[in-house]
Amino acid sequence: MASDFFKPATLCFLALQPLFLLLSGEVWAQSNDCQKDCSCSFTGRVIDKQTGDPLVLATVRVNNDKGATTDENGYFDLSGLCQEEFDLEVSYLGYKKLVHHHHVHHDPPTIFLSPDDQMLESVLVEEKLAISGEMTQSETTLERADPSLVGTVSLGQALKELPGVGTLKTGQNVVKPVVHGLHSNRLVIINNGLRHGNQNWGTEHAPEIDPDMAETFTVVKGAGAVKYGPEALGGVIIVEPPSPDLLGHLHGETELTGYSNGRGLKGRMLLSKGYTDFAWQVQASGVYQGDLETPDYMLTNTGMREQSVGATTVYHKRHFDASLSYSYTGQELGILRGSVTGNLADLGVALESEPPEGTRDFSYEIRNPRQETAHHLVRLSASYDLPKGLLDLTYGFQYNERREFDVRRGTNNERPSIDLALTTHSLDLEWQHPAWQGLSGSVGFQGEYQDNNNIPGTNTIPFVPNYNHTRWGFYVSEAKDFAGFTVEAGVRLDGILSSVRGRDNRNDLYTNDYQYTNISASLGMVKELSSRITYRSHLGLAWRPPSIAELYSFGKHQFVIEYGLWRYRDGITTVFDEDTREVPAEKGYKWVHSLDYENQGWRLGTTVFANYIQDFIYSRPEGITNTVRGAFPYFVYEQTNAVMAGADFSAFYTGVKKRWNHRVLLSLLYGRDVADDAYFVGLPPQRIGYRIQYTLPSLGPLQDLKAGMENEYSFRQFMAPEVIPVERFMGDDAIGTVGSVFDFLEAPDGYLLTDIYISAALRSFEFRFRVENVLNTEYRDYTNRLRYFADEPGRNFLISVFYQF
Amino acid sequence: MNINVMKKYQLVWALIGAMAFTSCGDDDAPDAENPEEIITGVTLTFTPTGGGSDLVFTATDPDGEGPEDLAVSGPIQLSLNTTYELSIGMEGLDGEDIGAEVAEEDEEHQLFFSWTDGLFSSPAGNGNIDNADDDVDYLDVDGNGLPVGLLTEWSTSATQGAGTFRVILKHQPDIKSATSTSSDGETDVDLTWVLQVQE
């Protein structure tokens with residue numbers, strides 16, 4: 001709608017006027033006695049009276065009966081006429097209508113139309129935005145209206161509805177997305193137009209983004225989308241909030257959802273109004289939830305709280321747009337009590353306890369271990385429609401606070417063991433240049449400054465040091481159309497300067513300043529094989545400097561002890577730097593092919609990808625260390641070469657009468673450490689999902705009735721590393737060093753989950769009812785870190801009321 | 001809800017503070033923390049109740065969570081037919097007294113013991129790590145009347161013998177009860193010494 005005013009492509013679209021060649025040629029007509037066999041036909045041409053240009057797609061009608069439109073040179077052709085004489089009515093948008101009496105025996109007419117003085121009052125052009133640098137990328141978008149999103153409380157959960165996206169969980173509330181096997185800082189998340197600035201180094205740090213504040217979720221599966229900067233080895237996730245419309249009346253929507261498992265309540269609301277050149281919107285949402293339960297027992301301490309607020313204003317003038325937005329998301333997430341373990345012996349006990357230790361009756365209370373996060377975002381953006389191209393300027397400010405509380409002794413229990421505050425300033429400047437030599441594209445600069453600080457008072461040596469990052473990047477992305485296909489190429493130069501100050505395990509200060517510079521690039525093409533089939537191919541080269549945790553972590557984290565690349569090597573613990581231990585940046589080469597087919601109710605999409613990552617950083621067990629607290633496995637960060645390959649398949653079919661609707665999603669992934677010939681822990685297993693939905697336009701007073709069933713089968717992960725049970729590390733014949741990737745437990749069995757739902761609208765209300773895990777299946781998820789300790793939640797009834805005005 | 005009004009204001013202040021100070025430079029090193037979590041040393045002091053000098057044995061791990069193994073002084077050598085009071089002390093990285101903290105939080109801590117059967121005449125058996133109901137002569141109790149184990153009594157057997165002596169300290173917040181065992185809660189200490197009972 002009016003938000004399209006803010007999208008550069010629309011402006012370009014309006015600015016571009018099609019040019020047509022003037023052609024002159026013989027105009028001819030046939031004439032017959034056709035009153036018997038309707039064989040009369042004739043041709044003609046429609047031309048602008050003022051300019052003499054042919055008018056394309058003008059409408060020509062005969063006696064309000066037969067009709068035709070003009071072709072690109074202004075010619076029309078009428079046949080099958082049963083009369084020799086008739087009234088010819090010619091009309092064209094923006095021109096005066098003309099009626100001409102014609103006889104087939106006359107010469108073919110050339111009709112001159114004169115522009116109408118009374119032009120249309122307004123023109124609304126709706127067009128899907130083709131983001132420069134992304135046309136050749138395989139991407140999928142999910143909208144808020146998708147029935148699978150009812151009751152979704154985390155971003156990771158929402159994104160799971162997209163083919164190729166999985167989740168990595170630490171319990172039920174800490175959920176982060178995995179794209180093609182990669183997660184955390186190998187995915188770039190763009191939230192409200194800004195790179196989400198958070199502590200994304202730990203698997204248990206979920207992005208602080210409330211899916212209830214978003215309108216669309218898009219996953220770009222290619223690597224190295226030059227516009228978004230480095231680190232997108234797996235892809236880019238774009239989360240867009242709704243945008244207020246200009247000239248919109250005061251309107252809003254509100255939704256309230258209650259659910260049985262966790263006895264949770266969730267609400268959201270949106271209010272928006274637009275004026276001639278100004279519009280505003282406010283949003284709020286919240287979740288209040290207690291302990292979840294499996295089919296057999298409670299999951300103690302899995303409650304959550306979330307509050308979000310957001311406000312956006314937009315201002316529009318001719319050639320100028322500006323917008324200012326602010327959002328805040330605060331979360332408090334409980335982590336399963338029974339997942340806290342001490343040494344290896346405790347871990348062994350925890351693996352066997354069923355239900356997990358510390359299981360109690362239902363409660364809304366959130367105790368330790370838990371996480372408290374707060375994320376503030378301020379975004380100020382402006383775009384100028386220059387005589388030559390379009391200029392976009394965006395400033396972003398993000399403040400991210402993360403506190404993680406463990407089960408600790410005495411008064412330390414009230415202190416967080418991790419307490420970090422991360423401030424991010426970013427500046428993005430982009431110039432979309434006008435078409436030049438057949439090229440269209442953009443040039444941009446991005447700067448970012450991040451300051452991460454440990455908040456004192458944790459009574460524990462900080463797991464990661466303080467650091468300041470300064471990043472800069474320049475990119476150029478160009479597209480060119482050839483006969484039938486488009487080629488897109490982009491190149492980007494990035495640098496990151498890091499200044500690190502931390503404390504080692506003897507509380508001594510260490511400092512280091514280092515930098516990484518690299519080039520990333522992408523090359524892609526898109527070709528319409530036919531009007532129904534589109535083929536895309538994209539080769540992306542992306543890179544990622546090691547994260548602070550990968551370099552500097554030292555100490556106990558969850559039930560293992562971890563040492564970063566610059567804190568440990570071959571039995572030596574000291575603080576290394578780039579001179580004493582070189583750590584090359586990760587480089588990823590990802591090739592994605594996709595084929596999309598769309599026809600008569602069918603929509604098929606296939607994506608095949610291969611991703612080779614050089615110097616892939618991962619942590620692997622190195623051995624067992626004996627401490628006063630007993631034996632612990634210790635993990636070290638290492639580099640290897642990895643391959644991730646696979647395919648995503650999606651099929652949508654809408655029946656002829658649009659009553660029955662089918663969806664199939666299939667995700668296949670193969671991942672391997674090719675240097676050591678081993679598997680990684682925690683790769684999402686193969687998944688297949690099927691949804692069937694029945695739609696009834698109306699039933700009595702009810703409108704738009706929908707009933708559906710979703711089935712999802714997750715296979716057992718066959719690409720799991722070897723299993724070494726805890727007992728092997730203890731006792732007299734204990735394994736001292738490991739040195740290869742292993743897991744403490746076998747990968748869980750495959751499982752089938754079934755959800756059913758029904759929804760209907762009554763006037764401005766919409767009621768939705770949904771049952772998750774209808775069969776109350778007992779299962780464990782391979783990519784949930786808590787699979788060692790507890791089952792996943794059981795059946796869940798959700799009811800939701802949606803009101804719109 | 002835990003994020004209350006105070007906290008919301010805190011966030012706003014933090015926000016303003018962060019905006020004002022973030023670009024101020026790179027010299028903001030983290031403060032030195034007092035790491036109370038990590039126990040780097042455990043001391044066993046056996047005091048003969050009939051008089052005589054204390055016998056002291058230690059286990060230390062100066063690098064805490066570092067990969068270096070811990071050093072155990074020993075073996076523990078006790079005399080035949082003697083009764084000892086065993087007091088257990090613990091210290092942290094910066095030398096702070098964690099034993100005192102445990103004593104303060106005694107309602108959520110318990111020490112468990114196991115040893116090679118036959119080394120002691122009292123308590124009999126092999127200790128309460130495998131079975132919480134087995135005998136250990138605790139000399140201290142917490143506010144709920146449950147044993148703690150920072151102070152215990154041991155009488156050696158009349159015959160010579162050698163074996164092992166294991167001490168486990170469990171942190172059991174909201175868990176410690178009359179029926180809790182050595183597998184409940186988190187382990188703060190788990191150490192094994194060689195034990196000899198001799199002339």
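Chemist: Before we move on, can you summarise the overall build of chain B with the specific residues and values?
Modeler: Within chain B one finds two helices and 11 strands. The N-to-C order of helical and strand elements in chain B reads α-β-β-β-β-β-α-β-β-β-β-β-β. Scored against the burial criterion, the 199 residues of chain B give a buried share of 47%. Partitioning the intrachain contacts of chain B with sequence separation of at least 6 by distance along the chain shows that 66% fall at a separation of at least 24.

Chemist: So what's going on with the packing of aromatic side chains? Which residues, and what values?
Modeler: For the structure on display, the rule yields 41 aromatic pairs over all chains. Seen from their ring centres, A:Tyr514 and A:Trp566 are 5.3 Å apart, and the 90 degrees between their planes marks the pair as edge-to-face. Pair noted here: A:Tyr514 is in strand β29 (residues 509-528) and A:Trp566 is in the loop between β32 (560-563) and β33 (568-569), with a separation of 52 residues, a long-range link. Comparing A:Tyr514 with A:Trp566, the two get one shared label, buried. Aromatic rings pair up to connect B:Phe46, B:Phe57, B:Tyr84, B:Phe113, B:Trp115, B:Phe120, B:Tyr138, B:Trp154 and B:Phe165 into one cluster. Looking at A:Arg263, its charged tip hangs above the ring of A:Phe362, at a distance of 3.8 Å from the centre. Geometry around A:Tyr288 places A:Arg305 over its ring, the cationic atom sitting 4.1 Å from the centre.

Chemist: Break down the pattern of salt bridges for me, citing the residues and quoting the values.
Modeler: Summed over all chains, the structure comprises 49 salt bridges over all chains. The salt bridge involving A:Arg768 is made with A:Glu255; its shortest N-O contact spans 3.1 Å. Of this pair, A:Arg768 sits in strand β44 (residues 765-772) while A:Glu255 sits in strand β16 (residues 251-259), and the two are 513 residues apart along the sequence. In this structure, the salt-bridge partner of B:Lys170 is A:Asp346, at a minimum N-O distance of 2.7 Å.

Chemist: Which residues make up the sheet that holds strand β9 (residues 165-170) of chain A, and what values go with them?
Modeler: Read from one edge to the other, the open sheet built from three strands follows the order β9-β10-β11 (chain A), with strand pairing classed as antiparallel. With one partner strand each, in any of the chains shown, β9 and β11 (182-183) of chain A form the two edges of the open sheet.

Chemist: Lay out the side chain of A:Ser272 with the relevant residues and their values.
Modeler: Residues and elements named next belong to chain A. Structurally, Ser272 can be placed in strand β17 (residues 264-274). With relative accessibility at 2%, the residue Ser272 sits in the buried group. Within the local environment of Ser272, its side chain forms a polar contact with the backbone oxygen of Trp280, the two atoms lying 3.3 Å apart. Apart from residues lying up to four places away in sequence, Ser272 is in contact with Pro244, Asp245, His249, Leu250, His251, Trp280 and Gln281.

Chemist: Could you give an account of the interface of chain B and chain A, with specific residues and numbers?
Modeler: As a measure of interface size, the accessible area lost when the parts come together is often cited. Taken together, the contact between chain B and chain A spans 60 residues of the former and 68 residues of the latter. Around 5,300 Å² of area is buried between chain B and chain A when both sides are counted, 50% of it from carbon and sulfur atoms. The largest per-residue losses of area from chain B upon contact with chain A belong to B:Pro30, B:Glu33 and B:Glu65, which jointly make up 14% of the total buried on that side. Taken together, chain B and chain A are joined by three salt bridges. Where A:Arg337 meets B:Glu186, a salt bridge forms, and the shortest distance between an N and an O atom there is 3.6 Å. Applying the counting rule to chain B against chain A returns 11 residue pairs in polar contact (both at pLDDT 80 or more). Where the side of chain B that touches chain A is concerned, the elements lending two or more residues are α1 (5-21), β1 (39-48), α2 (98-104), β10 (161-171) and β11 (186-198) of chain B. Residue composition of the side of chain B that touches chain A, grouped by class: 23 nonpolar, 14 polar and 23 charged.

Chemist: Kindly report on the sheet that holds strand β5 (residues 85-91) of chain A, identifying the contributing residues and their values.
Modeler: All names here are of chain A. Reading across the sheet, the four strands line up as β3-β2-β5-β6 and stay open at both edges, with antiparallel pairing between neighbours. In this open sheet, the two strands that pair with only one neighbour each are β3 (66-69) and β6 (98-103). Strand-to-strand twist across the sheet, computed as the mean angle between neighbouring axes with direction ignored, equals 25 degrees. Looking at chain direction, β5 and β6 are connected through six bridges and run antiparallel. Its bridge partner being in β6, Glu85 is matched across the sheet by His103.

Chemist: An account of the environment of A:Gln717 is requested, with residue identities and associated values reported.
Modeler: Residue and element names in this part refer to chain A. Inspection of the secondary structure puts Gln717 in the loop between β40 (702-714) and β41 (722-723). Taking the C-alpha atoms as reference points, Gln717 and Glu72, 645 residues apart in sequence, are found 57 Å from one another. With residues near it in sequence (within four places) discarded, Gln717 still touches Leu683, Pro684, Pro685, Gln686, Ala747, Pro748 and Tyr782. A distance of 3.3 Å separates a polar atom in the side chain of Gln717 from the backbone oxygen of Pro684. Only 3.0 Å separates the side chain of Gln717 from the backbone nitrogen of Met719, close enough to count as a polar contact.

Chemist: Lay out a nonpolar patch on the surface with the relevant residues and their values.
Modeler: Residues and elements named next belong to chain A. Taken together, Tyr384, Leu386, Trp431, Val443, Phe474, Val476, Val491, Leu493 and Ile519 make up a surface patch of nonpolar side chains, about 710 Å² in accessible area. Tracing the sequence through the fold places Tyr384 in strand β23 (residues 370-385). Tyr384 sits in the partly exposed class, given a relative accessible area of 34%.

Scoring rules and cut-offs
All residue numbers refer to position in the chain's written sequence, counted from 1. Chain letters and ligand numbers both follow the written order, the letters beginning at A and the numbers at 1. Since the coordinates come from a predicted model, pLDDT governs what is reported: local features require at least 70, and pairs of side-chain atoms require 80 or more to be given and counted, while whole-chain, interface and lining totals use all residues. As a rule here, side-chain values cover all heavy atoms of the structure and leave hydrogens and water aside. Note on conventions: DSSP H or I runs of at least 4 residues are helices, E runs of at least 2 residues are strands, and numbering of each starts at the N terminus. For every residue, the accessible area obtained with a 1.4 Å probe (protein chains only) is divided by the maximum for its type, and the residue is called buried under 20%, exposed over 50%, and partly exposed between those limits. Should any heavy atoms of two residues lie within 4.5 Å, those residues are considered in contact. Classification of ring pairs uses Phe, Tyr and Trp, with its six-membered ring standing for Trp, and accepts pairs whose centres are within 6.5 Å; under 30 degrees between planes counts as stacked, over 60 as edge-to-face, and the remaining range as tilted. Here, a charge over a ring means that NZ of Lys or CZ of Arg falls within 6 Å of the ring centre while also lying within 35 degrees of the ring normal. A carboxyl oxygen of Asp or Glu within 4 Å of a side-chain nitrogen of Lys or Arg is what we treat as a salt bridge. Criterion used throughout: strands pair if DSSP finds at least two bridges between them. By the criterion applied in these results, polar contacts are pairs of N or O atoms within 3.5 Å in which, for protein atoms, one can donate a hydrogen and the other can accept it, and in which residues neighboring in sequence qualify only through two side-chain atoms. By definition, the buried area sums, over both parts, the 1.4 Å-probe accessible area that each loses when the two are put together. The residue classification treats Ala, Val, Leu, Ile, Met, Phe, Trp, Tyr, Cys and Pro as nonpolar and Asp, Glu, Lys and Arg as charged. All others, Gly included, are polar. Every angle, taken between N-to-C directions, lies between 0 and 180 degrees, and every axis is a line fitted to C-alpha atoms, over only the stretch in contact when it is a helix. Nonpolar side chains (Val, Leu, Ile, Met, Phe, Trp, Tyr) are joined into patches within 5 Å and like charges within 9 Å, using only residues with over 30% relative accessible area and no salt bridge. Here the open area of atoms and residues is found with the Shrake-Rupley method and a 1.4 Å probe, where only the protein chains shown may cover a residue.

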